[in-house]
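# Geometric and topological summary
Read off the chains here:
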Amino acid sequence: MSQELSEQEVQRRSSLSKLRELGIEPYPAAAFQVSHLATSVKTAYVENQPVKMAGRMMSQRIMGKASFAELQDSSGRIQLYFNRDELCPGEDKTLYNEVFKKLLDLGDFIGIEGTMFKTQVGETSINVTSLTMLSKSLKPLPLPKVDTDGNTHDAFTDAELRYRQRYVDLVVNPGVKETFIKRSQVFSVMRKAFDRFGFLEVETPILQPIPGGATARPFVTHHNALDIPLYLRIANELYLKRLIVGGFDGVFEFAKDFRNEGMDRTHNPEFTVMELYVAYKDYEWMMSFTESLIEEIALRVCGTTEIAVGEQQISLKAPFKRISMRDAILEHTGFDIEGKTEEALRDLCRELGIDVTPEMGVGKLIDEIFGEKCEARYINPTFITDYPIEMSPLCKRHRTNPALTERFELMINGKEIANAYSELNDPIDQRERFEAQLALSERGDVEAMFIDQDFLRALEYGMPPTSGIGIGMDRLVMLLTDNQSIQEVLFFPQMRPEKQVNLSELDRQILNACSVEPAPLADIRVMIDCSNKQWDLSVKLLTKNQLLKVFKLEEVLYIKKA
RNA sequence: GAUUCCGUAGCUCAGCUGGUAGAGCAAUACACUUUUAAUGUAUGGGCCCUGGGUUCGAAUCCCAGCGGGAUCACCA
């Protein structure tokens, strides 16, 4: 596994051993006590005050017997001033001439002691009197430069590298850190708000025997000891409701959910949802609660309710507009879906140029119409309410119209941010709804829900009237940080694995001899000139790296490209 | 999954209608005691994504693959 080192990496390794020759440990064990952060020096500047600081050296300007460098810590950057005779007061100038000037590289972690001062140009700096090596960096960081006009040059922009090596992205692109700090603040503001209401933060199973609470394709895994399939949860809704049955008045969970579906700039296979359930409330209450929560988050995290998202200005000031799904569709298509049959809706879809398939029921058709013609229009926060019953199998029937449910979705910037119900707590109605879903799945809808018998049993013991909400945390953070892509708000978004298989000449020959069409393995074997042992090794390597597939069909071994 | 663009030095990118590579920054060496995209001089650094084809000759043209971006489709 030896990989060629670049010239610069070789250079840094040689600096590393030279440091050791000078008796300096490049990776010392001892703690380094820090007194100030870069920003705290600037905000609480006191002429000549002693400081101890640590971080990465990000730039170096050497001018003979004096030098400047920049130290970057978790808070930002501060300029360091090194004077040879102040750093090395005695005869021995090695620390300055050798260590600082030659053996230190950009990206190295150093600790310094010194005093605050301002340069002739007025820049707050530290006059360094003591330098400690804290950790050597063996790979050069991509270093963007910012000129006097604030333009960034040579920025590290390659999206693939940024996501695969997020640690580098974070060191080098300051805006990235901001996004994740805000993400953390969003969570923290929500936790504090829930805490004020006395809601309980809980944890429910990620590995579930029945993937319920939503309609999506799950990831499947297998439990060896029990010899049963288990699913990574697509939602945690049914478990939180069981806790309401158990007597908690308010429970919430920040949950990683997993869905085995496509990936794009708004979908990652694992994503975070905050779900909250509150007993004795309905969706009207939840709407009021949600709008004030969103407003509070905006104020605390962004400092304002008026945020810029792309080209749009969005006001997150409560209250938000409320409109029923029927009125929304009426407004944007001129068509009233009230009481329409499946056929009438299908005709409308065709008229509007929306693709439909035979397995779509009334609910799915209405959802298509809304998604296609209305959703994108709601830029400022809007509650879409009263969804048709077919679309919402876990939601309580509307108090005045039995064809509808007491459900709302919160749309912001044309995207769904939250989804909430007056929860269905009638166990008989719930069983019928599940059975209707089962019928849908028999029609070919692979996403219709499974029936969770234990959940029904829980409802039969009685669940108080409850309202619940799920908020897509990743999308909320995208909104508040003005990011267009979910990958920008996840530290480590899902990527295709890096493939770095070093194929030998023989491996390539074999690979080229095979095609996507299966061929008898023996036929390929005779085409390749090598020993049986070499053949075996190569084929094993190729199949292990999923380049080739070998399989048996009626006692004959076949081989094909994977 | 479809379309489209991209893959060249550590980073950002040039490289025209084919003649085996260039810049800036970074690196190395020397000079320089308040600079700030420090400066000056010199030097080194490339499986031009991989494999095949066309050609006397491919970073460049063609095909396939891998990886990525964008748009669309799929996705309560």
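Coordinates for the structure precede this section.
Here goes a summary of the coordinates provided.

### Examining the sheet that holds strand 18 (residues 407-412)
Across a sheet, strands are paired by hydrogen bonds formed along the backbone, either parallel or antiparallel in direction. Read from one edge of the open sheet, 8 strands run 8-12-13-20-19-18-17-16, paired in mixed fashion. Across the chains shown, the open sheet's two edge strands, defined by having one partner strand only, are strand 8 (200-201) and strand 16 (321-324). With 6 bridges connecting them, strand 18 and strand 19 (residues 415-422) associate as antiparallel partners. Following the sheet pairing, L410 is matched in strand 19 by A418. Each of strand 12 (250-258), strand 13 (270-279), strand 18, strand 19 and strand 20 (466-472) touches helix 15 (residues 473-481); the most contacted strand, strand 20, lies at about 55° to it.

### Notes on the pattern of salt bridges
One pass over the structure, following the stated rule, counts 38 salt bridges. Residue K139 is joined to E9 by a salt bridge in which the shortest nitrogen-to-oxygen separation is 2.9 Å. Separated by 130 residues along the polypeptide, K139 in the loop between strand 5 (124-135) and strand 6 (145-146) and E9 in helix 1 (residues 7-21) bring together distant segments of the chain. Linking R196 and E296 is a salt bridge whose minimum nitrogen-to-oxygen distance equals 2.9 Å. Of this pair, R196 sits in helix 7 (residues 174-196) while E296 sits in helix 9 (residues 283-302); the two residues are 100 residues apart in sequence, bridging distant segments of the chain. A relative accessible area of 17% means that E296 is categorised as buried. Bridged by salt links that share partners, the residues R162, R166, D169 and E488 form one connected network.

### Structural notes on helix 7
For helix 7, which comprises 23 residues, the first-to-last C-alpha distance of 33 Å matches the rise-based estimate of 33 Å (1.5 Å per residue) to within 8%. Within helix 7, burial applies to V176, T179, F180, R183, V186, F187, V189, M190, A193 and F194.

### Quick word on unusual backbone geometry
Trans peptide bonds make up most of the peptide bonds, and negative phi angles are found at most residues other than glycine. Note that the residue after A318, namely P319, is joined by a cis bond; omega there is 0°. Note that P319 resides in the loop between strand 15 (312-315) and strand 16. Despite not being glycine, Y280 has its phi angle at roughly 65°, a positive value. Summarising the element assignment, Y280 is placed in the loop between strand 13 and helix 9. Using a relative accessible area of 58% as the deciding quantity, one classes Y280 as exposed. Backbone geometry places N413, a non-glycine residue, at a positive phi of 55°. Within the element layout of this structure, N413 appears in the loop between strand 18 and strand 19.

### Details of the environment of S75
With respect to the helices and strands, the residue S75 is situated in the loop between strand 2 (66-73) and strand 3 (76-83). In sequence terms S75 and A38 are 37 residues apart; their C-alpha atoms lie 6.0 Å from each other. The residues touching S75, leaving out its near neighbours within four places in the chain, are L37, A38 and T39. One polar contact links the side chain of S75 to the main-chain amide nitrogen of A38, over a distance of 3.2 Å.

### Here's the deal with the packing of aromatic side chains
Applying the stated criterion across every chain yields a total of 18 aromatic pairs. Seen in terms of ring centroids, F194 and F199 are 6.2 Å apart; in terms of plane orientation they differ by 45°. Their pairing is tilted. Overall, the relative accessible area of 0% leaves F194 in the buried class. Geometrically, the ring pair formed by F491 and F492 is tilted, given 6.1 Å between the ring centres and 40° between the ring planes. Against the face of Y45 rests K118, its NZ or CZ located 4.6 Å from the ring centre. One cation-aromatic arrangement involves R407 over Y387; the distance from NZ or CZ to the ring centre is 4.4 Å.

### Quick word on the packing of helix 7 against helix 15
Where helix 7 contacts helix 15, the axes come no closer than 10 Å and their chain directions differ by 120°. By the angle class used here, helix 7 and helix 15 are oblique. With respect to the hand of their crossing, helix 7 and helix 15 are arranged in right-handed fashion. Here T179, K182, R183, V186, F187 and M190 of helix 7 come into contact with helix 15, specifically with M473, D474, L476, V477, L480 and T481. Grouping the amino acids of the contact of helix 7 with helix 15 by side-chain chemistry returns 7 nonpolar, 2 polar and 3 charged.

Scoring rules and cut-offs
Residues numbered from 1 in each chain as written. Chains lettered and ligands numbered in written order. Predicted model: local features only at pLDDT ≥ 70, side-chain atom pairs only at ≥ 80, totals over all residues. Heavy atoms only, no water. Pairing = 2+ DSSP bridges. Helix = DSSP H or I, 4+ residues; strand = E, 2+ residues; numbered from the N terminus. Contact = heavy atoms within 4.5 Å. Axes fitted to C-alpha atoms, helices over the stretch in contact; angles between N-to-C directions. Salt bridge = Lys/Arg side-chain N within 4 Å of Asp/Glu carboxyl O. Buried < 20%, exposed > 50% of the residue type's maximum accessible area, 1.4 Å probe, protein only. Expected span 1.5 Å × (residues − 1). Polar contact = N/O pair within 3.5 Å; in protein donor to acceptor, adjacent residues only side chain to side chain. Phe/Tyr/Trp six-rings, centres within 6.5 Å; stacked < 30°, edge-to-face > 60°. Lys NZ or Arg CZ within 6 Å of the ring centre and 35° of its normal. Parallel < 35°, antiparallel > 145°, perpendicular 65-115°, else oblique. Left-handed = near helix turned anticlockwise from the far one by under 90°. Nonpolar A, V, L, I, M, F, W, Y, C, P; charged D, E, K, R; others polar.

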